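If you want the building blocks of each chain, they are given just below.
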Amino acid sequence: MKKYSNLIKYFFLFNDIFFFYISLSLLVIIRYGFNLLDLKNHLLGFTFLLPFWLIIFYSQDFYSLNLIKNKLSLRIIKSFIFGFFVSIIIFYFLPYFKIQPKTNLFIFIFLYMSFFLISRLFLEENIIKKNKLKILAVIPNYLKNKFLDDFKNLDFYEFYIVNEDEMPYEKDFYSNFSAIVLSRKIISEEIISSLVKKTNFQIPIIELIDFYEKNLGRIPLEEIDEYWILKEIVNPEHKIFAITKRFFDILFSLLIGLLSLPLIPIIALCIYVNSPGPVIFKQKRIGKNNKEFFIYKFRTMKLEKQDPGIWEKYNDERIFFCGKILRKLHLDEIPQIINVLKGDLSFVGPRPEQVNIVEDLKTKIPYYKFRHLILPGITGWSQVNYKKPFNIEETKIKLEYDLYYLKNRHLLLDITIFLRTIFNI
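Residues numbered from 1 in each chain as written. Predicted model: local features only at pLDDT ≥ 70, side-chain atom pairs only at ≥ 80, totals over all residues. Heavy atoms only, no water.

Trainee: Go over the pattern of salt bridges, please, and point to the residues and values.
Mentor: Taken as a whole and assessed by the stated rule, the structure comprises 23 salt bridges. Linking Arg218 and Glu400 is a salt bridge whose minimum nitrogen-to-oxygen distance equals 2.6 Å. Within this pair, whereas Arg218 is found in the loop between α8 (208–216) and α9 (226–232), its partner Glu400 is found in helix α16 (residues 392–408), the two being separated by 182 residues in sequence. The exposure class assigned to Glu400 is buried, which follows from its relative accessible area of 2%. (Salt bridge = Lys/Arg side-chain N within 4 Å of Asp/Glu carboxyl O. Helix = DSSP H or I, 4+ residues; strand = E, 2+ residues; numbered from the N terminus. Buried < 20%, exposed > 50% of the residue type's maximum accessible area, 1.4 Å probe, protein only.)

Trainee: Before we move on, can you summarise the packing of aromatic side chains with the specific residues and values?
Mentor: Across all of its chains, the model carries 45 aromatic pairs by this definition. Aromatic pair Trp53 and Phe80: ring centres 5.2 Å apart, planes at 50°, arrangement tilted. Remark: Phe80 occurs in helix α3 (residues 72–93) and Trp53 occurs in helix α2 (residues 36–59); sequence separation between them is 27 residues. Consider the rings of Phe151 and Tyr212, whose centres lie 5.0 Å apart with planes at 75°: the pair is edge-to-face. Taken together, the positions of Phe151 in the loop between α5 (141–150) and β2 (157–162) and Tyr212 in helix α8 put the pair 61 residues apart, joining distant regions of the chain. In this pair, the class of Phe151 matches that of Tyr212, namely buried. (Phe/Tyr/Trp six-rings, centres within 6.5 Å; stacked < 30°, edge-to-face > 60°.)

Trainee: Go over the sheet that holds strand β4 (residues 205–207) with me, naming the residues and quoting the values.
Mentor: What the 4 strands build is an open sheet, ordered β2-β1-β3-β4; its pairing is parallel. The strands lining the two open edges of the sheet, one partner per strand, are β2 and β4. Within the sheet, the average angular offset between the axes of one strand and its neighbour, ignoring direction, is 25°. Of the strand pairs in this sheet, strand β1 (residues 133–138) and strand β3 (residues 179–182) are connected by 4 bridges, and their pairing is parallel. By the bridge assignment for β3, Ala137 is matched with Val181. Relative to β3, helix α7 (residues 189–199) is tilted by about 175°, and along the sheet it contacts β3 and β4. Lying on the sheet, α8 is in contact with β1, β2, β3 and β4; it crosses β4 at an angle near 80°. (Pairing = 2+ DSSP bridges. Axes fitted to C-alpha atoms, helices over the stretch in contact; angles between N-to-C directions. Contact = heavy atoms within 4.5 Å.)

Trainee: Can you tell me about the pairing of β3, naming the residues and giving the values?
Mentor: The side chains of a regular strand alternate, first on one face of the sheet and then on the other. With burial as the criterion, each face of β3 is covered, one bearing Ala179 and Val181 and the other bearing Ile180 and Leu182. Of the strand pairs in this sheet, β3 and β4 are connected by 3 bridges, and their pairing is parallel. Residue pairing for β4: Val181 is matched across the bridge by Ile206. The parallel pair β3 and β4 is bridged by α7, and the resulting crossover is right-handed. (Right-handed = clockwise from strand over helix to strand, strands pointing away.)

Trainee: How would you explain a nonpolar patch on the surface if you had to name every residue and give the values?
Mentor: A grouping of Tyr58, Phe247, Phe248, Leu251, Leu411, Leu412 and Ile415 is seen on the molecular surface, where their side chains present a nonpolar patch of about 630 Å² in accessible area. Contributing elements (two or more residues each) for the nonpolar patch: α10 (239–260) and α17 (411–424). Among the secondary structure elements, Leu411 is positioned in helix α17. (Patch = residues over 30% accessible without salt bridge, like charges linked within 9 Å, V, L, I, M, F, W, Y side chains within 5 Å. Areas by Shrake-Rupley, 256 points an atom, 1.4 Å probe, with all protein chains shown as cover.)

In structure tokens:
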């Protein structure tokens, strides 16, 4: 199973590099004919661009079996738009390459995006979906519906689900599967011994919690306990990571602050026209180590109807027209750079919640308190992978993403989250 997954990843990578240079070659032929000098100049410049394109694709999870997701075409288009602007910046600020991109970039983007989209859809329909991995999932009955719902969009798996009492005795039955996924809640010496005899160590056995982590970027709450929290979550941040993270927090805060200065008067006027009153809204939130702090945002709700501690509703009537636009573009969060500079927030981390809501969720959702072990963030792993929660069940799913971040936090993951946040605007 691991070999198959890695093979697909490398094939995706080779596919993207191959069509990158095919698109470049066609561009030169279209613009200059079979001119080796122009081809050489373009190869030098565009090869310098290639790593930036691959980073963009990596940040969008295009090198994973999770490629088969909703809105794939839209994600590809957004990636290429971002890549286009990155290419423009590099070519115009580094004139060393002696080429004039202008029209050439438009032609290249059109060719490369066409090849990229067609090849990915071809891979999905003709290779991945026709070579599904058969997975035997041995899980408790109460997890069956959750498991099926969570993995319903991953078309490259074909699941056969049983509980601990339904495991077949025939050895030949197990040879049909690429892997066995086993829940911690039913693991026993008897079950492990039985599986070893029936599989003869020929089929990988994967814990359900690891299967979720690898394929969904989540940690299922039903599979963990306090020992797992102590072992995987409660550990000090690496000093180099903490210092680097703080450096980039300050750097990006100052940069965004400067870039947003021309927008602030426009935003303030927009808010005042829609709903006269204070432009800046502040509210108590829970931060690292349960410390309370005031978070700052541009106000997006009608002043007379704001009520701290009340869950926000879908299409909430309290949000005025201009506020909806600010939220859609995430411009309402610009004042939070003040919180970042003060050290209350980081750019990346679990989203801080209101005091009253946190106290309520601690009593209703197990392990919720552990998301406060690190600095909260303006954006985070749960924000770029899941919708805004409007009830307890959705908040549980969001917490599963937060726990994944707590366990796997590192600089590359932060960069991925930052890039995905830009794409999600």
